[in-house]
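# Summary of the model geometry
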Amino acid sequence: MNDTGHRTDGTRYTAPERTTGTRRHLGRNRPAPRRHAVVGTVLLALATGPAAGTATGAGAPDPGPADNVILLIGDGMGDAEITAARNYSVGAAGRLAMDTLDAEGRRTTFSVDGRGRPVYVTDSAAGATAWATGRRTVNGRVSKTPGTNQPLPTLLEKAHHQGYATGSVTTASIADATPAALTSHVTDRSCKGPADMAACPADARTAGGAGSIVEQTVTARPDVLLGGGADHFAQTVTDGPHRGRTVLEQARATGYQVVRDQAELTAARPDRPVLGLFAPDQIPVEWTGTLAAPGGTTPRRCASHNPARPAGTPTLAESTRAALDLLTARRDRARATGKGFFLQVEGASIDDRAHEADPCGQIGETVAFDRAVATALAYAEQHPRTLVIVTADHGHATQVLPEDARPAGLSATLVTDEGGRVQLGYATAMPGEMQDHTGAPVPVAAQGPLARRVLGVRENTDLFGTVRAALGLR
């Protein structure tokens, strides 16, 4: 069912459909109005003191005001990326689902160096570590301290240990930086599987460490894991009780049911944890089009079908809906605990396509992410004690430019759904190199219990405290 509303000029619009280089850059690793009743999540930095809802003794924490938290992350989705998607899909005066949440604020995005000094532009690993643990770290590191390289407890681990159902959904590999920050602790984000440990010698199982990202993720045992990354799970464990098995075989041996497409996902049962692997690495994007180029492109439309995307690949909204159904069923089966769930949903390839100056791919992934936001809002409307939070880990290279501008970098002109023309520019790298992140603050919006804690300009670590307080986590 589509949500229909009005632009400021009185005309109607239809919002996204709800569905039940040469240097190491800061991006992800490559192969080398009706308001919805929603949920939000924001965090207090650990440096400010104990988070609200934290137990002061050995007993259970005070119950939080939320049953469930849904945290939605648009990777690389800064204001310009959102504006480009809004202009193209619902019009300049239209509103995306992510525009409709009640409380809106800003989050800083910087990371730190090994001495704790600010590094003004973060990567996704340090960016995700900030909200996952309440601590900043160095770029490239996943949920470990910047100086001593020690593991930091994460929101998902805390929620799991206190009886909440937990889940992670992404359009990247499940081993990629943003989902990894919830389920693993490695020195470098490249250490995705047992064969990828060159940058993390102390983390390898053969050295007595906890292993690669996928090994640690299976051990962390979230109830729902959906995304790409089948190739990382196909690698062989080198030490420990599962030595000689692939990580996928380890997952099956510990109870996971493995699904490979939308039909199998729909048939998954909530009595066992679910591992969905829908692509060898990243899931192919939904839209395609011409890349930005020096001197610009002729005005054109995007293709909303990608022939490289296999039939049966679930959309992000479909994976989100399935995760919510599974987590709700698992919660209901354990109703005696009185606990709900924590779910993170990542639209990963907004970032990936912006790195490649691919405006259609980027906009298509932002629209797909917005449909996942609409799915979360619809769920929260039926389950009011749900906090929904929508934010990003960092901004990206996109600029929304006048149609007659002649930018020095790469640019492309698109014909929008409302018949206008929008020029998008990318100028954070030389032609032929990947575009880079920016250090600008990013939007954060929330609805539901504690949603007002996102108001104002907050630190990127603050989300940790909000989610922790919302669920009453120790």
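Check the entry above for the structure.
Just so you know, these numbers come straight off a predicted model, no measurement behind them. (Residues numbered from 1 in each chain as written. Predicted model: local features only at pLDDT ≥ 70, side-chain atom pairs only at ≥ 80, totals over all residues. Heavy atoms only, no water.)

### A word on the packing of helix H1 (residues 79-89) against helix H11 (residues 359-382)
In helix packing, the relevant descriptors are the interaxial angle and the interaxial distance, both defined with respect to the helix axes. At their nearest, the axes of H1 and H11 sit 9 Å apart, and the two run at 85 degrees to each other. By the angle between their directions, the pair H1 and H11 is classed as roughly perpendicular. Here Glu 81, Ala 84, Ala 85, Tyr 88 and Ser 89 of H1 come into contact with H11, specifically with Gln 362, Ile 363, Thr 366 and Val 367. Grouping the amino acids of the contact of H1 with H11 by side-chain chemistry returns five nonpolar, three polar and one charged. (Axes fitted to C-alpha atoms, helices over the stretch in contact; angles between N-to-C directions. Helix = DSSP H or I, 4+ residues; strand = E, 2+ residues; numbered from the N terminus. Parallel < 35°, antiparallel > 145°, perpendicular 65-115°, else oblique. Contact = heavy atoms within 4.5 Å. Nonpolar A, V, L, I, M, F, W, Y, C, P; charged D, E, K, R; others polar.)

### Quick notes on the pattern of salt bridges
Scanning the model with the defined rule gives 17 salt bridges in all. Of the charged contacts, one joins Arg 189 and Asp 123 as a salt bridge, the two residues approaching to 3.1 Å between their closest N and O atoms. With Arg 189 in the loop between helix H4 (177-183) and helix H5 (213-220) and Asp 123 in the loop between strand S6 (118-119) and helix H2 (124-133), this pair connects stretches of sequence that are 66 residues apart. Taken as a pair, Arg 189 and Asp 123 share a single burial class, namely buried. Sharing partners across several salt bridges, the network here consists of Asp 352, Arg 353 and Asp 358. (Salt bridge = Lys/Arg side-chain N within 4 Å of Asp/Glu carboxyl O. Buried < 20%, exposed > 50% of the residue type's maximum accessible area, 1.4 Å probe, protein only.)

### Some details on the environment of Val 112
Residue position: Val 112 is located in strand S5 (residues 111-112). The buried category is assigned to Val 112, whose relative accessible area is 8%. For the pair Val 112 and Arg 135, spaced 23 residues apart in sequence, the C-alpha to C-alpha distance is 9.9 Å. Leaving out residues up to four positions away in the same chain, Val 112 has contacts with Arg 117, Pro 118, Val 119, Arg 136, Thr 137, Val 138, Asn 139 and Pro 146.

### Considering the nonpolar core
Note that soluble globular proteins tend to have their nonpolar side chains buried in a common cluster. Core analysis: the largest hydrophobic core is formed by 52 residues, its most contacted members being Phe 233, Leu 275, Phe 342 and Leu 387. Considering every element that reaches this core, the biggest residue donor is helix H12 (residues 462-471), with five residues. Judged by nonpolar contacts, the second largest core, of 43 residues, contains Leu 101, Ala 268, Ile 350 and Val 373. (Core = buried A, V, L, I, M, F, W, Y, C linked by side-chain atoms within 4.5 Å.)

### Quick look at the environment of Pro 384
Tracing the sequence through the fold places Pro 384 in the loop between H11 and strand S13 (386-391). Since its relative accessible area comes to 57%, Pro 384 is described here as exposed. Taking the C-alpha atoms as reference points, Pro 384 and Gly 448, 64 residues apart in sequence, are found 7.0 Å from one another.

### Observations regarding the sheet that holds strand S15 (residues 410-415)
Two orientations exist for strands paired in a sheet by backbone hydrogen bonds: parallel and antiparallel. Strand order in the open sheet formed by four strands is S11-S15-S16-S14, with antiparallel pairing between adjacent strands. With partners counted over all chains shown, the strands left at the sheet margins are strand S11 (293-294) and strand S14 (398-401), one partner each. (Pairing = 2+ DSSP bridges.)

### Comments concerning the state of the cysteines
Tallied over the full model, the rule gives two disulfides. The disulfide that involves Cys 191 links it to Cys 200, with 2.0 Å between the sulfurs. Between Cys 191 and Cys 200 the disulfide shows an S-S torsion of about 95 degrees. By sign, it is right-handed. Given a relative accessible area of 0%, Cys 191 falls into the buried group. There is a disulfide in this structure between Cys 302 and Cys 360, and the S-S distance comes to 2.1 Å. Residues Cys 302 and Cys 360 share a disulfide whose torsion about the S-S bond is about -80 degrees; that sign makes it left-handed. (Disulfide = S-S within 2.5 Å.)

### Overview of the sheet that holds strand S10 (residues 274-277)
On the basis of which strands lie adjacent, the open sheet formed by ten strands has the order S9-S10-S8-S7-S12-S3-S13-S17-S4-S18 and mixed pairing. Each of the sheet's edge strands pairs with one partner strand only, and the pair in question is strand S9 (257-259) and strand S18 (456-458). Taking each pair of neighbouring strands and ignoring which way they run, the sheet shows an average axis angle of 15 degrees. Alignment of strand S3 (residues 68-74) against strand S12 (residues 341-347), held across seven bridges, turns out to be parallel. The residue bridging Leu 72 from the neighbouring strand is Val 345, located in S12. The strands that H11 touches are S3, strand S7 (165-173), S12 and S13; relative to S3, the one it contacts most, it runs at about 170 degrees.

### Considering the packing of aromatic side chains
Evaluated as defined, the whole model comprises two aromatic pairs. For the cation-ring pair, Arg 221 lies above Tyr 256, with the distance from its terminal atom to the ring centre recorded as 5.7 Å. (Phe/Tyr/Trp six-rings, centres within 6.5 Å; stacked < 30°, edge-to-face > 60°. Lys NZ or Arg CZ within 6 Å of the ring centre and 35° of its normal.)

### Overview of the pairing of S7
For S7, a buried count of nine out of nine residues is recorded, marking the element as mostly surrounded by other parts of the structure. When S7 meets S12, the two strands line up parallel, connected through six bridges. Across the sheet, Ser 168 pairs through a bridge with Gln 344, a residue of S12. One ladder, built from four bridges, connects S7 with strand S8 (residues 224-228); its direction is parallel. If you follow Gly 167 over to S8, its bridge partner there is Val 224.

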